[in-house]
Amino acid sequence: MLALGLVLNTLGIGLFCWAIFALAVYPLPFFVALSVGMLAFRDGAGVVGALLIGIASGALTLAAGQVAVAVSRSLILRIAIATAFAVPAAIAGYHLVFALSQIGVPSLAWREAFACGGAVCIGGTAWTRLIAFAGTRPSESAGVAENMPQPVLTAATHE
């Protein structure tokens, strides 16, 4: 029974960590969706209407951010957009790790250290996921790409 408990506990912690890093990009769209949904509910849209408006605004925020990073040629603009998504993720990561560290870490200094490390890791994950969506472009100097693909050599080429 003890071995089963240890295995299931390890799997549960692993699943929880996977969920944290998989959802690292979404704090900004979630905040926008929650704010717009609450505003719509306050203005009389009803529960279902506020829920639909909130979901649509959150999805639009995420899609607009990813498209803006993918389409933008300016490095400064990409960095600004990725920062707008990574900062809320880092704040959410800080509070999440700080709350979880209260379970087993009695020292406040160590809880703060773990929380800061969690903020860096989760913010970095959000940054990397958004920047990776943009992909890499070949250098466009004078209309010539420097990283052109090389032809495949076959046995007939050697002869």
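All of these numbers come straight from a predicted model, not from anything done at the bench.

Rules behind the numbers
- Every chain is numbered on its own, with residues counted from 1 as its sequence reads.
- Per-residue local features are limited, in this predicted model, to residues with pLDDT of at least 70; the limit for side-chain atom pairs, both in listing and counting, is 80 or more; totals at the level of whole chains, interfaces and linings are taken over all residues.
- As a convention, hydrogens and water are excluded, and side-chain values are obtained from all of the structure's heavy atoms.
- We count a stretch as a helix when DSSP gives it H or I for four or more residues in a row; a strand needs E for two or more, and each element gets its number in order from the N terminus.
- Between the first and last residue of a helix there are one fewer steps than residues, each counted as 1.5 Å, and that sum is the expected span.
- To sort residues, take the accessible area from a 1.4 Å probe on protein chains only and compare it with the maximum for the residue type: under 20% means buried, over 50% means exposed, and anything in between is partly exposed.
- Note on ring pairs: Phe, Tyr and Trp rings are taken, using the six-membered ring of Trp, and paired if centres are within 6.5 Å. Classes follow the plane angle, with under 30 degrees stacked, over 60 edge-to-face and the rest tilted.
- In this scheme, patches are assembled from residues that exceed 30% relative accessible area and form no salt bridge. Like charges are connected within 9 Å, while nonpolar side chains (Val, Leu, Ile, Met, Phe, Trp, Tyr) are connected within 5 Å.
- Note on areas: Shrake-Rupley with a 1.4 Å probe; residue coverage comes only from the protein chains shown.
- Take a side-chain nitrogen of Lys or Arg and a carboxyl oxygen of Asp or Glu: if they are within 4 Å of each other, that pair is a salt bridge.
- Positive residues here are Lys and Arg, negative ones are Asp and Glu, while His and the chain termini are left out of the count.
- Should any heavy atoms of two residues lie within 4.5 Å, those residues are considered in contact.
- What pLDDT reports is the predictor's confidence in each residue, on a scale of 0 through 100.
- A fitted line through C-alpha atoms serves as each axis, taken over the contacting stretch for helices, and the angle formed by two N-to-C directions is quoted from 0 to 180°.
- In what follows, roughly perpendicular refers to angles from 65 to 115 degrees, roughly parallel to angles under 35, roughly antiparallel to angles over 145, and oblique to any angle outside these ranges.
- It is the rotation of the near helix from the far one that decides the hand of a crossing: anticlockwise by less than a right angle makes it left-handed, clockwise makes it right-handed.
- Residue polarity follows a fixed list, in which Ala, Val, Leu, Ile, Met, Phe, Trp, Tyr, Cys and Pro are nonpolar, Asp, Glu, Lys and Arg are charged, and the others, Gly among them, are polar.

Draft legend 1. Here's a closer look at helix α3 (residues 46-71). Helix length check: α3 (26 residues) gives 37 Å between terminal C-alpha atoms against 38 Å at 1.5 Å per residue, within 8%. For α3, the full list of buried residues reads Ala-50, Gly-54, Ser-57, Gly-58, Thr-61, Leu-62, Gly-65 and Val-69.

Draft legend 2. Layout of the packing of aromatic side chains. Counting across every chain of the model gives two aromatic pairs. Ring centres 6.1 Å apart and planes at 10° place the aromatic pair Tyr-94 and Phe-98 in the stacked group. Of this pair, Tyr-94 and Phe-98 both sit in helix α4 (residues 75-104), four residues apart, which is roughly one turn of the helix. Look at Trp-110 and Phe-114: their rings are 5.9 Å apart centre to centre, the planes differ by 40°, and that puts the pair in the tilted class. Here Trp-110 pairs with Phe-114, and both are found in helix α5 (residues 108-134), just four residues apart, close to one helical turn. Phe-114 gets classed as partly exposed once you look at its relative accessible area, which sits at 42%.

Draft legend 3. A look at the side chain of Ser-57. Mapped onto the elements, Ser-57 comes out in helix α3. With relative accessibility at 14%, the residue Ser-57 sits in the buried group.

Draft legend 4. Here's a closer look at a nonpolar patch on the surface. A cluster of nonpolar side chains, Met-1, Leu-4, Val-7, Leu-8 and Leu-11, forms an exposed patch at the surface whose accessible area comes to about 580 Å². Relative to the helices and strands, Val-7 is located in helix α1 (residues 2-22). Note on Val-7: relative accessible area 48%, which makes it partly exposed.

Draft legend 5. Looking closely at the pattern of salt bridges. By the definition in use, this model includes one salt bridge. The partner of Arg-42 in a salt bridge is Asp-43, with the nearest N and O atoms 3.6 Å apart. By relative accessible area, Asp-43 is classed as exposed at 55%.

Draft legend 6. The side chain of Arg-111, seen in detail. Following the sequence through the fold, Arg-111 ends up in helix α5. For the buried Arg-111, which has no salt bridge, the nearest side chain bearing the opposite charge is Glu-112, at an N-O separation of 7.1 Å. With near-sequence residues (within four places) excluded, Arg-111 lies in contact with Phe-98, Ser-101, Gln-102, Val-105 and Pro-106.

Draft legend 7. Quick look at the confidence of the model for the protein chain. Residues at a pLDDT of 70 or more form 83% of the protein chain, whose mean pLDDT is 83. Across the protein chain, element-level confidence peaks in helix α2 (residues 27-42) with a mean pLDDT of 92 and bottoms out in strand β1 (residues 140-141) with 46. Note on residues 139-143: pLDDT under 50 across the span, and five contacts to partners over four residues away in sequence or across chains.

Draft legend 8. Main features of the packing of α2 against α3. Put simply, α2 and α3 touch, their axes get as near as 7 Å, and they point 150° apart. The angle between α2 and α3 places the two elements in the roughly antiparallel class. Judged by the sense of rotation from one axis to the other, the crossing of α2 with α3 is right-handed. In contact with Pro-29, Val-32, Ala-33, Val-36, Gly-37, Ala-40 and Phe-41 of α2, α3 contributes Gly-46, Val-47, Ala-50, Ile-53, Gly-54, Ser-57, Gly-58, Thr-61 and Leu-62. Across the contact of α2 with α3, the residue classes break down as ten nonpolar, six polar and no charged.

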